[in-house]
Amino acid sequence: MENTSSSSDAHVLIIPFPAQGHVTPMLSLAKLLSFSGVFTTFVNTESIHRRLSGSSGLTDRRRLRFRAVPDALTGDGGGNTRDFDFPSRFFNLQESMRSGSTEAYKKLLTEELIGEWPPVTCVIADGILDYAIEVAGEVGIPTLVFRTSSPCCAWAFASVPSLIHHGIIPFPEECDMDEIVKGVEGMEGILRRRDLPSFMRMVKSTEDKHIKLMNGFNSKLIIGKAIIFNSFDALDPTLLPIMSSYYPPIFTIGPLHILTKSLNISNEEEEEQQEPGINPSLISLLQEDRTYMTWLDNQPDQSVIYISFGTVAVLSPEQFIELWHGLINSGHRFLWAVREDLVKGKEEIEITKEMEEGTKERGCMVEWVPQEEVLAHRAVGCFLTHSGWNSTLEGMVAGVPMICFPYFSDQMINSRFVSEVWRIGLDMKDVCDRNIVERMVRKVMEESALELRSSTARMADLARKSVEENGTFSC
Ligand code: UDP
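On a predicted model such as this, the values are computed, not experimentally measured, just so you know. (Residues numbered from 1 in each chain as written. Predicted model: local features only at pLDDT ≥ 70, side-chain atom pairs only at ≥ 80, totals over all residues.)

In the vicinity of the ligand, 20 residues are found, and the nearest of them are Gly21, Gly310, Gln371, Gly388 and Ser391. Sorting the residues of the shell around the ligand by element identifies helix 1 (20-35), helix 14 (371-375) and helix 15 (389-398) as the ones contributing at least two each. Top contributing element to the shell around the ligand by residue count: helix 15, with four residues. Its residues assigned to classes, the shell around the ligand comprises seven nonpolar, 11 polar and two charged. Composition of the shell around the ligand by domain shows at least three residues from each of domain 1 (11-283) and domain 2 (292-465). (Near = placed C-beta within 6 Å. Helix = DSSP H or I, 4+ residues; strand = E, 2+ residues; numbered from the N terminus. Nonpolar A, V, L, I, M, F, W, Y, C, P; charged D, E, K, R; others polar. Domains from an automatic or database assignment.)

As structure tokens, this is what we get:
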């Protein structure tokens, strides 16, 4: 991307939902816009702003500034969502943000010229941050909606009425989870019941709050001037044209992390902007642990399985133990990012001698790593992931085949696309047994390694091409 500094009066305000998976791609976009000369205000909730400032020292730059609005979060920005009543928690969060943040947000939207900063001319709001989209509309500022999930997941949510019509949801009692479902246009023959976003499993009746939740995710996409996805056209050549006939214009502008990495830093202003603290790929809501690096440097090429379940997913002690045994029994090396709150009830875990010794011999466990850097390391040969959308894109771009163990929401459908549509990995969904883990690891690292590595490399190539100049930047 070129730096085309201009004296334009464009001023974009970007406002993400307060969770890492949302903040990261939207911050990438903020950085890209500001580098290309657009005044960009990035708005976090105070709790997220504090955590980012604490770890990375966010500072305002000439065309990128950070602002915070009050929030009512307790600081976890998401939490152990599967065990909770997610819809109620989500609706409460929306309401508390609406009542706590609207005034400060409106003030930012309506500010007159400040120094060389023009008033806000455009909002890019997270597609699930209802109040941000609504208030921008009330103030009369054109709004683009950024949906940080995959397009296939957004489309599954949009298909809720059709899935109800086809009798797929609510799921009948004792239904066959492996049955291929009808009702999602463009995905015929691909999705089994178990691949639908997890909220669909929880629907008890057509009045269920999960239906309201999913319809809500879709309804805000329709009211913006355009929809932005952190994705690229070649990933969904069938789906995107179908979605385009239903939605406002769709722009696939990703994978954003390739673009932020490839910024040309040759001129002075960009060098100034490249200071630590505003490189979104380095920004994390959790503390990184660098001890992994020495260990990783000492491993042979493509010999290590990197394991991470993102920022929200939670494992039971049983699942953790089965995964751990499976990894050790596979005989392969592994690097596991074990977040402090990854295992609920971790005090119940009995670490056996076998687990301890196997890890000492071939494993490394740390709390948090810079994932993009790890995935790009020559020693990494497989990514065991929860299939969050950012992780999926990062694994794909790094050309690392995946084993998917999705936890909830969009991860269920992302993992199906990884295995059956893009063919860049295996889907272990709903099963967590040491024998299966071992078998999957052996398949990715041994039996199917060549095939999976070459299809993942092909996909990585398509991803890179899509963000080149004249690449397939939009739909
Ligand atoms: N991540 C990281 N280090 C870790 C684990 C995760 O940097 O040890 C980052 C990862 O690179 C990704 C984000 O956290 O950008 C997780 O986002 P994703 O959409 O995959 O999952 P979520 O956390 O939203 O479920």
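If you walk across this open sheet you meet the seven strands as 3-2-1-4-5-6-7, and the pairing is parallel. Taken across any chain shown, the strands that pair with only one partner, and hence form the sheet edges, are strand 3 (64-69) and strand 7 (250-252). With direction set aside, neighbouring strand axes in the sheet form an average angle of 25°. Of the strand pairs in this sheet, strand 6 (residues 226-229) and strand 7 are connected by three bridges, and their pairing is parallel. Note that in strand 7 the partner of Ile227 across the bridge is Ile250. Contacting strand 1 (11-15), strand 4 (122-126) and strand 5 (143-147), helix 4 (residues 130-139) crosses the sheet at an angle of about 160° to strand 4. (Pairing = 2+ DSSP bridges. Axes fitted to C-alpha atoms, helices over the stretch in contact; angles between N-to-C directions. Contact = placed C-beta atoms within 7 Å.)

The next thing to look at is the environment of Val312. When you line up the elements, Val312 lands in the loop between strand 8 (304-308) and helix 12 (317-330). Note: C-alpha distance between Val312 and Thr294 (18 residues apart in sequence) is 27 Å.

Time to look at the pairing of strand 4. Within strand 4, four of the five residues are buried, leaving the element largely enclosed by the surrounding structure. Sheet analysis places strand 1 next to strand 4, joined by four bridges and oriented parallel. Considered in strand 4, the bridge of Ile14 is made with Ile124. Bridging between strand 4 and strand 5 involves four bridges; their strand directions are parallel. The residue of strand 5 that forms the bridge with Ile124 is Leu144. In this fold, strand 4 hands off to helix 4, which returns the chain to strand 5; that crossover is right-handed. (Buried ≥ 20, exposed ≤ 12 C-beta atoms within 10 Å, placed from the backbone. Right-handed = clockwise from strand over helix to strand, strands pointing away.)

A few words now on the confidence of the model for the protein chain. Here the protein chain averages 89 in pLDDT, and 88% of its residues register 70 or above. Confidence drops under pLDDT 50 across residues 1-5; counting only partners more than four residues distant or on other chains, this segment forms 15 contacts. Across residues 75-79, confidence stays below pLDDT 50; counting only partners more than four residues off in sequence or on other chains, it has eight contacts. ipTM for the predicted complex: 0.99, alongside a pTM of 0.92. (pLDDT = per-residue confidence, 0-100.)

To continue, consider the domain arrangement of the protein chain. For the protein chain, the assigned domains read domain 1 (11-283) and domain 2 (292-465). Using C-alpha coordinates to define each centre, domain 1 is positioned 25 Å away from domain 2. Contacts between the two partners involve 31 residues from domain 1 and, on the opposite side, 29 residues from domain 2. For the side of domain 1 that touches domain 2, the leading source of residues is helix 1, giving four residues. Residues belonging to the side of domain 1 that touches domain 2 are distributed by class as follows: 14 nonpolar, 14 polar and three charged.

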